[in-house]
Amino acid sequence: MGKSVHNEETKKLMEGILKLQSVDECYAFFEDLCTVNELLSLGQRFEVANMLRNHKTYNEVAEATGASTATISRVNRCLNYGTDGYQLVLGRMEEDK
């Protein structure tokens, strides 16, 4: 069984993220928190999720994002069997359009 991400440290992190009020504040916070490569990877995964949710093929996703098939597969597993975090956020973003 894997480690749980639900602990006091991550709870404080999530509460801190909820205090951010703009895209600029998010950039400032996440650029301090993450390495450039970590942040770029997170952005890539989020775009992979968006494209898969919009019924793009693995080949289309790989070509557009540069993501490996392993990354695409992992994101797809999360979309299909995960905790619905991607679905929640992407759905809300769609509603805001």
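This text gives an overview of the structure that appears in the document. All values derive from a computational prediction rather than experimental measurement.

Calculation criteria
- Residues numbered from 1 in each chain as written.
- Predicted model: local features only at pLDDT ≥ 70, side-chain atom pairs only at ≥ 80, totals over all residues.
- Heavy atoms only, no water.
- Axes fitted to C-alpha atoms, helices over the stretch in contact; angles between N-to-C directions.
- Helix = DSSP H or I, 4+ residues; strand = E, 2+ residues; numbered from the N terminus.
- Left-handed = near helix turned anticlockwise from the far one by under 90°.
- Contact = heavy atoms within 4.5 Å.
- Nonpolar A, V, L, I, M, F, W, Y, C, P; charged D, E, K, R; others polar.
- Polar contact = N/O pair within 3.5 Å; in protein donor to acceptor, adjacent residues only side chain to side chain.
- Phe/Tyr/Trp six-rings, centres within 6.5 Å; stacked < 30°, edge-to-face > 60°.
- Buried < 20%, exposed > 50% of the residue type's maximum accessible area, 1.4 Å probe, protein only.
- Core = buried A, V, L, I, M, F, W, Y, C linked by side-chain atoms within 4.5 Å.
- Patch = residues over 30% accessible without salt bridge, like charges linked within 9 Å, V, L, I, M, F, W, Y side chains within 5 Å.
- Areas by Shrake-Rupley, 256 points an atom, 1.4 Å probe, with all protein chains shown as cover.
- Salt bridge = Lys/Arg side-chain N within 4 Å of Asp/Glu carboxyl O.

**What to know about the packing of helix H3 (residues 36-53) against helix H4 (residues 58-65)**
- For the pair H3 and H4, the least separation of the axes is 10 Å and the interaxial angle reads 145 degrees. Of the two possible hands of crossing, H3 and H4 adopt the one that is right-handed. Here Gln44, Glu47, Val48, Met51 and Leu52 of H3 come into contact with H4, specifically with Tyr58, Glu60, Val61, Ala64 and Thr65.
- Residues that form the contact of H3 with H4 fall into these classes: 6 nonpolar, 2 polar and 2 charged.

**Section: the side chain of threonine 65**
- Structurally, threonine 65 is set in helix H4.
- A polar side-chain atom of threonine 65 sits 2.7 Å from the main-chain carbonyl oxygen of valine 61.
- Among the polar contacts made by the side chain of threonine 65, one reaches the main-chain amide nitrogen of alanine 67 at a distance of 3.1 Å.
- Beyond its immediate chain neighbours, meaning those up to four positions away, threonine 65 contacts Gln44, Glu47, Val48 and Met51.

**Overview of the packing of aromatic side chains**
- Following the criterion strictly, the structure yields 1 aromatic pair and no others.
- An angle of 85 degrees between the planes, with centres 5.3 Å apart, marks the rings of phenylalanine 29 and phenylalanine 30 as edge-to-face.
- Here phenylalanine 29 falls in the partly exposed class, since its relative accessible area comes to 27%.

**Side note on the nonpolar core**
- If you look at the biggest cluster of nonpolar residues, it comprises 11 residues: Val48, Ala49, Met51, Leu52, Val61, Ala67, Ile72, Val75, Leu79, Tyr86 and Leu90.
- Secondary structure elements with two or more residues in this core: H3, helix H5 (69-81) and helix H6 (85-96).
- If you tally residues by element for this core, the top one is H3, at 4 residues.
- The contacts of leucine 90, once residues within four sequence positions are left out, are Phe46, Ala49, Asn50 and Arg53.

**Structural notes on unusual backbone geometry**
- Its identity is not glycine, yet histidine 55 carries a phi of approximately 65 degrees, on the positive side.
- Within the secondary structure, histidine 55 sits in the loop between H3 and H4.
- By relative accessible area, histidine 55 is classed as exposed at 70%.
- The phi dihedral of aspartate 84 falls on the positive side, at around 70 degrees, and the residue is not glycine.
- You can see aspartate 84 is positioned in the loop between H5 and H6.

**Some details on a nonpolar patch on the surface**
- Residues Leu88, Val89 and Met93 make up a contiguous nonpolar surface patch of about 250 Å² in total accessible area.
- Along the chain, the position of methionine 93 falls in helix H6.
- Of the residues examined, methionine 93 reaches a relative accessible area of 43% and is grouped as partly exposed.

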